[in-house]
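Commentary on secondary and tertiary structure
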Amino acid sequence: MLLPVLSRAAGAGASARLQLVVQQLESCDGRKHPEVVHHSAGGRLAWHGQDAARLSLTLHAPATPPPDPKLGPAGIGHGEPPDAQRVALASCGVRNAGAPLGSLDIGLQVHAATQCLVEVRHGTQPALAWPVEGELPAVNAAGTACRLEADGQTQPVPVWLRAWQGLQPQSRAGLEKLFNAWSRQMSGTSGRLEAELSPMVGQAGVAWGWQHEADGAIAVRAQGTINFAALVMDLRLTGELDWAGSRARVQLRAQGRSEWRMTLDQRGAQAAEGHGLDQAKCSWRHPFALSIEAIATGDPALLSAGPLAEPLRGAVVGSCGLRPRPDGRGHQWFYRLAVEPVHVNLLRQDPAGGTQAQRRELLPAITLIDWSAG
């Protein structure tokens, strides 16, 4: 017999109890029977004879391990493994009628009844521009919050909060990398970047914990609502290109908005299509648009852009969602934003020398954000 049980860890509240009644019909003169032995992570307890007639056995759930210094407490949807306990009943086999009885075993899987809730809120980032004149606007720290509850009691999650507070600074650092890469391809100091870039704008709440199922089994249930604008973006890169005395003004722009909105409802490994933890993801691809305008320099040759294959035009690509943690203890938030290489098919149209073509890389592959929390 295997009995799943929800309970509390020692010192964490009232634990479940197993009420055991042993009816003794006969007794022997040797070893005292019946004998009841309770095996658990806390040790071994035994009762004999009349002491075993009526017992109330405390079934403690396993204690919650301390938080990981780098990852914090266990992640979303994690249920600590149960404590495998056993109650053994032994007798000498003497009965007033019928065949002698052997030992009886009751297997117990004691799960922690703790129910967890995480709530996250993350705000927008102000518009930014490079080269920087003065100081960049302050990070909107007031718009960021991360709160974890266990059975209604707030738990400290400084590692998670610092991670969420670091998302906007990481996006700023990525934009600066983008500006520096762009400026290296522009003539002189003509490179400019104007950016509106806000990752994960909105809020989410997810609750999880071991719960009884209709069939009597116990499984981890995760429920929640995710309501994020995964990306709000408008990137405008400008500068000037020159080729043998000919000059042109170039603009590269990518813009878009990607939504990540879903409900979670998973019981154990089962979930309806689109509602499971492993399906909690969002991805996007926003292509760049290129424009070139020739600049009069006195040189008769003019610069323009010719046709280019789609894979060479580049885009801003990314994904976000929930993924299994490296330590296997639940799921964590993740976010990745990158730039695919951008090229231009530059044409130099010279009345005297005809048309020349040159393919240039305007932007290399760049990872703007590679972030995780929880």
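Residues numbered from 1 in each chain as written. Predicted model: local features only at pLDDT ≥ 70, side-chain atom pairs only at ≥ 80, totals over all residues. Heavy atoms only, no water.

Position of Gly202 relative to the elements: it lies in strand β12 (residues 192-212). Classification of Gly202 by relative accessible area gives partly exposed; the value is 21%. Sequence spacing of Gly202 and Pro131 is 71 residues, and the spatial spacing of their C-alpha atoms is 29 Å. (Helix = DSSP H or I, 4+ residues; strand = E, 2+ residues; numbered from the N terminus. Buried < 20%, exposed > 50% of the residue type's maximum accessible area, 1.4 Å probe, protein only.)

Now for the pairing of strand β4 (residues 43-48). Note that strand β3 (residues 35-40) and β4 share 6 bridges and pair antiparallel. Looking at the pairing, Glu35 lines up with His48 of β4. The turn linking β3 back onto β4 is made up of 2 residues. (Pairing = 2+ DSSP bridges.)

Moving on: the sheet that holds strand β7 (residues 104-112). In sheet architecture, strand pairing relies on hydrogen bonds along the backbone and comes in two forms, parallel and antiparallel. Overall, mixed pairing links the 5 strands, which are arranged β1-β7-β6-β3-β4 in an open sheet. Whereas interior strands pair on both sides, the edge strands pair on one side only; in this sheet they are β1 (2-7) and β4. Across the sheet, the mean angle separating the axes of adjacent strands is 20° when strand polarity is ignored. Where β3 and strand β6 (residues 83-90) come together, 5 bridges link them in antiparallel fashion. By the bridge assignment, Val37 is partnered in β6 with Ala88. (Axes fitted to C-alpha atoms, helices over the stretch in contact; angles between N-to-C directions.)

Moving on, we get to the nonpolar core. In this structure, Trp164, Leu178, Trp260, Trp333 and Leu363 are the most contacted members of the largest nonpolar core, which totals 66 residues. Top element by residues in this core is strand β13 (residues 218-243). It accounts for 10 residues. Membership of the second largest hydrophobic core comes to 15 residues, among which are Ala16, Val22, Leu57 and Leu108. (Core = buried A, V, L, I, M, F, W, Y, C linked by side-chain atoms within 4.5 Å.)

The topology assignment puts His78 in the loop between β5 (54-59) and β6. Assessed through its relative accessible area of 17%, His78 is described here as buried. Sequence-distant contacts of His78, defined by excluding residues within four places in its chain, comprise Trp208, Gly328, Arg329 and Gly330. (Contact = heavy atoms within 4.5 Å.)

Here the focus is the layout of surface pockets. Vacant regions in the atomic arrangement are exposed by a probe of water-molecule size rolled over the atoms. Taken as a whole, the largest pocket spans an internal volume of roughly 650 Å³. Around the largest pocket, the lining comprises 31 residues; the ones closest to its centre are Thr64, Thr114, Cys116, Ala150 and Gln155. Elements represented by at least two residues in the lining of the largest pocket include exactly β10 (145-150) and β12. At 3 residues, β12 tops the list of elements feeding residues into the lining of the largest pocket. Tallied by class, residues from the lining of the largest pocket come to 18 nonpolar, 9 polar and 4 charged. (1 Å grid on protein atoms, 1.4 Å probe; cavity = no way out; pocket = protein on both sides within 12 Å on 5 of 7 lines; lining within 4 Å. Points joined across faces, edges and corners; volume = space filled by probe spheres on them. Nonpolar A, V, L, I, M, F, W, Y, C, P; charged D, E, K, R; others polar.)

Turning to the pattern of salt bridges, a few remarks are in order. Per the counting criterion, the structure on display carries 20 salt bridges. Between Arg221 and Asp265 there is a salt bridge, and its shortest N-O distance comes to 3.2 Å. Within this pair, whereas Arg221 is found in strand β13, its partner Asp265 is found in strand β14 (residues 246-267), the two being separated by 44 residues in sequence. In this structure Arg221 comes out as buried when scored by relative accessible area, which is 14%. Between Glu340 and Arg285 there is a salt bridge, with its nearest N and O atoms 2.9 Å apart. (Salt bridge = Lys/Arg side-chain N within 4 Å of Asp/Glu carboxyl O.)

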